[in-house]
Amino acid sequence: MSNKSYQETIITIEDEDGDAKDGDVKELYLSTSPVGDFVVEFVLLSSESSESSESRLWKYKFRMYNVITSKQDEYSDLKASKALSCRKPSEIDISKPKTFEFAKTQSKLITSEDKLSWSVAVSDKLYGDKPHESIVRLLAISCISKQDMTYKGSKNFNNYKNSSDSKSSNDSGFTIVFFINQDYQNNYSIEEKNLPLDNYGGKVKLFSKYKDNIERTVQNLDRFFIVILNVSGIHKYYFKNLNKSIIKQIQSLNKPKIRSFKYPKRIYHALNKNKNFGPDFNLRYIQRCLNLHYFLVDTSDEGAQYMELYDLRTNQLVNTFKRQNLNSLNLIADIPDNIAISNNNKLLAYSSGSKVKLYLIESSLEIASIKLNFGTFFDDDYFMHFFNDDENLL
């Protein structure tokens, strides 16, 4: 198992000949809402065209699912049913599913070797003026370029800047934001919002300053923001006036702008140490630092024997935790160890080597230590997550 976020999964689809053709599904990216009740599937398609791949306009669409609780007796073949928490996705039927098309410059990046990966995020639901009449969710997709994840000063960065692909592109990826609308008859629609995020690509997250389990109205949408993370830092965009008409947005004197923040110094030291491993490694590094709305700083440089936990919603340090980094890969690269944070934001599980330690986030107190037994074939890269009533499972 790999240490990928449970909120985002990548699937590559091929046809019987091993090569997807025009109009067929190329890639699927899945994202789950923070509270886990909604799933969006981003489907990348190539345009049916006789034109060359360089000039082809790419298309995409979305599939959506409600996640419902299954009755335990539906799985009678599973033992200890009382210990199981069963969920299953129910696909939302859209009578007229919409297919979107990328712009020419965006399609050029997608087709080129500069494209590295995609990131998808979907928010929890917001309620309209009358909660029983309408529901809205925010959806974001980000196309990540190699430039977004290439550390400046590295050999990869210099080679990339001198390449012919780089000279013919705008270097950075892009991010697109959508509204998912649900009316009182449970009809769904998706509309794109024109936001100034064309030159920002990276790991994308959608957050609110409110707690995840509090019902919010569309009027409170200004409290929502998108976070884009790449090697240059953390970039935030607040959805100010997004719920208002286009005319009012244009008339607004306080137009929202993207705010960029630097990582803690230890992160840049780690990126510098890892600079020769390439953009794909840096993308996985940043992914490993993320859990829920938290960002982990856990490095081996400077002999640090502690990790720092930051809240991306507030940009504040939550707490520091004493730890011993036993990751054998740190001999050749600076890699964060595995963490998992409970849904109630009270517990932190930290695994390194064959040990897992549990901490209270508020006080940083270590409350338990667990010895893992993986046998002979031990793998440092495994999945860890809190399930049910914050019971830890590996």
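Note: the structure precedes this text.
The text that follows walks through the structure, step by step, so that each part is easy to find. Because the structure is a prediction, the values reported are computed rather than measured.

1. Some remarks on the overall build of the protein
Then, number 1: Per the secondary structure count, the protein includes six helices and 26 strands.
Then, number 2: If you take every contact in the protein between residues at least 6 apart in sequence, the share linking residues at least 24 apart comes to 60%.
Then, number 3: Of the roughly 20700 Å² of accessible surface on the protein, 49% is carried by carbon and sulfur atoms.

2. Quick look at the environment of Ser95
Then, number 1: Looking at the element boundaries, Ser95 is found in the loop between strand 5 (87-91) and strand 6 (100-101).
Then, number 2: Counting along the chain gives 92 residues from Ser95 to Asn187, while the straight-line C-alpha distance between them is 8.4 Å.

3. Notes on the pairing of strand 10 (residues 174-183)
Then, number 1: Along strand 10, nine of the ten residues are buried, which leaves the element largely enclosed by surrounding structure.
Then, number 2: Here strand 9 (residues 134-145) pairs with strand 10 via ten bridges, running antiparallel. Bridged to Ser142 within strand 10 is Thr175.
Then, number 3: Pairing of strand 10 with strand 11 (residues 188-193) involves six bridges; the strand directions are antiparallel. In the strand pairing of strand 11, Phe178 is matched with Glu192.
Then, number 4: Hairpin connection of strand 10 to strand 11: four residues between the antiparallel strands, including Asn186 at a positive phi of 65°.

4. Topic: the nonpolar core
Most often, soluble globular proteins keep nonpolar side chains buried together rather than apart.
Then, number 1: With 27 residues, the main nonpolar core has Phe42, Phe62, Phe102, Trp118 and Ile141 as its most contacted residues.
Then, number 2: Elements that contribute at least two residues to this core include exactly strand 3 (38-46), strand 4 (58-69), helix 1 (104-111), strand 7 (115-122), strand 9, strand 10 and strand 11.
Then, number 3: Dropping the residues within four chain positions of it, Ile141 is found in contact with Phe42, Tyr60, Phe62, Phe102, Trp118, Ser119, Val120, Phe174, Thr175, Ile176 and Phe178.
Then, number 4: Within the second largest apolar cluster, 25 residues are counted, among which are Phe207, Leu229, Val231 and Leu290.

5. Focus: the packing of helix 5 (residues 265-273) against helix 6 (residues 279-289)
Then, number 1: Packing of helix 5 against helix 6 leaves a shortest axis separation of 11 Å and a crossing angle of 150°. Here helix 5 is positioned roughly antiparallel relative to helix 6, judged by the angle of their axes. For the crossing formed where helix 5 meets helix 6, the hand is right-handed. Packed against helix 5, whose contacting residues are Ile267, Ala270 and Leu271, the element helix 6 presents Asn282, Tyr285 and Cys289 at the interface.
Then, number 2: Broken down by class, the residue content of the contact of helix 5 with helix 6 amounts to five nonpolar, one polar and no charged.

6. Examining unusual backbone geometry
Then, number 1: Not every positive phi belongs to a glycine, and Asn186 is a case in point at roughly 65°.
Then, number 2: By the secondary structure assignment, Asn186 is in the loop between strand 10 and strand 11.
Then, number 3: Given the relative accessible area of 48%, Asn186 is considered partly exposed.
Then, number 4: Residues other than glycine seldom take positive phi values, yet Asn315 does so here, at roughly 65°.
Then, number 5: Tracing the sequence through the fold places Asn315 in the loop between strand 19 (306-311) and strand 20 (316-322).
Then, number 6: Judged by relative accessible area, which is 35%, Asn315 ranks as partly exposed.

7. A look at the environment of Ile135
Then, number 1: Mapped onto the elements, Ile135 comes out in strand 9.
Then, number 2: Spatially, the C-alpha atoms of Ile135 and Tyr188 are 9.4 Å apart, while their sequence positions differ by 53 residues.

8. Topic: the sheet that holds strand 22 (residues 347-352)
Then, number 1: The antiparallel open sheet is built from four strands, whose spatial order is 21-22-23-24. One side of each edge strand has no neighbouring strand; the edge strands of this open sheet are strand 21 (338-341) and strand 24 (366-371). The mean angle between the axes of side-by-side strands here comes to 20°, regardless of whether they run parallel or antiparallel.
Then, number 2: Where strand 21 meets strand 22, four bridges bridge the pair, whose relative direction is antiparallel. Counterpart to Ile341 in the pairing with strand 22 is Leu348.

9. Concerning the environment of Leu348
Then, number 1: Mapped onto the elements of the fold, Leu348 is located in strand 22.
Then, number 2: Taking relative accessible area as the criterion, Leu348 reaches 0% and is therefore assigned buried.
Then, number 3: Through-space distance from the C-alpha of Leu348 to that of Ser364 is 8.9 Å; in sequence the pair is 16 residues apart.

10. Regarding the pairing of strand 15 (residues 233-238)
Remember that side chains alternate between the two faces of the sheet whenever the strand is regular.
Then, number 1: For strand 15, a buried count of six out of six residues is recorded, marking the element as mostly surrounded by other parts of the structure.
Then, number 2: Strand direction decides the pairing type here: strand 14 (residues 224-230) and strand 15, joined by six bridges, are antiparallel. If you follow Val227 over to strand 15, its bridge partner there is Lys236.
Then, number 3: The hairpin formed by strand 14 and strand 15 contains two residues between the paired strands.

11. Things to note about the side chain of Asp337
Then, number 1: Here Asp337 is to be found in the loop between strand 20 and strand 21.
Then, number 2: For the buried residue Asp337, which engages in no salt bridge, the nearest side chain bearing the opposite charge is Arg288, 4.7 Å off.

12. Examining helix 5
Then, number 1: Listed in full, the buried residues belonging to helix 5 are Arg266, Ile267, Tyr268, Ala270 and Leu271.
Then, number 2: On its buried face, helix 5 is in contact with strand 15, helix 6, strand 18 (294-297) and strand 19.

13. Topic: a nonpolar patch on the surface
Then, number 1: A cluster of nonpolar side chains, namely Leu360, Leu365 and Ile367, defines an oily patch on the protein surface of about 250 Å² accessible area.
Then, number 2: On the secondary structure map, Leu365 appears in the loop between strand 23 (355-360) and strand 24.

What counts and how
- Residues numbered from 1 in each chain as written.
- Predicted model: local features only at pLDDT ≥ 70, side-chain atom pairs only at ≥ 80, totals over all residues.
- Heavy atoms only, no water.
- Helix = DSSP H or I, 4+ residues; strand = E, 2+ residues; numbered from the N terminus.
- Contact = heavy atoms within 4.5 Å.
- Areas by Shrake-Rupley, 256 points an atom, 1.4 Å probe, with all protein chains shown as cover.
- Buried < 20%, exposed > 50% of the residue type's maximum accessible area, 1.4 Å probe, protein only.
- Pairing = 2+ DSSP bridges.
- Core = buried A, V, L, I, M, F, W, Y, C linked by side-chain atoms within 4.5 Å.
- Axes fitted to C-alpha atoms, helices over the stretch in contact; angles between N-to-C directions.
- Parallel < 35°, antiparallel > 145°, perpendicular 65-115°, else oblique.
- Left-handed = near helix turned anticlockwise from the far one by under 90°.
- Nonpolar A, V, L, I, M, F, W, Y, C, P; charged D, E, K, R; others polar.
- Lys, Arg positive; Asp, Glu negative; His and termini not counted.
- Salt bridge = Lys/Arg side-chain N within 4 Å of Asp/Glu carboxyl O.
- Patch = residues over 30% accessible without salt bridge, like charges linked within 9 Å, V, L, I, M, F, W, Y side chains within 5 Å.

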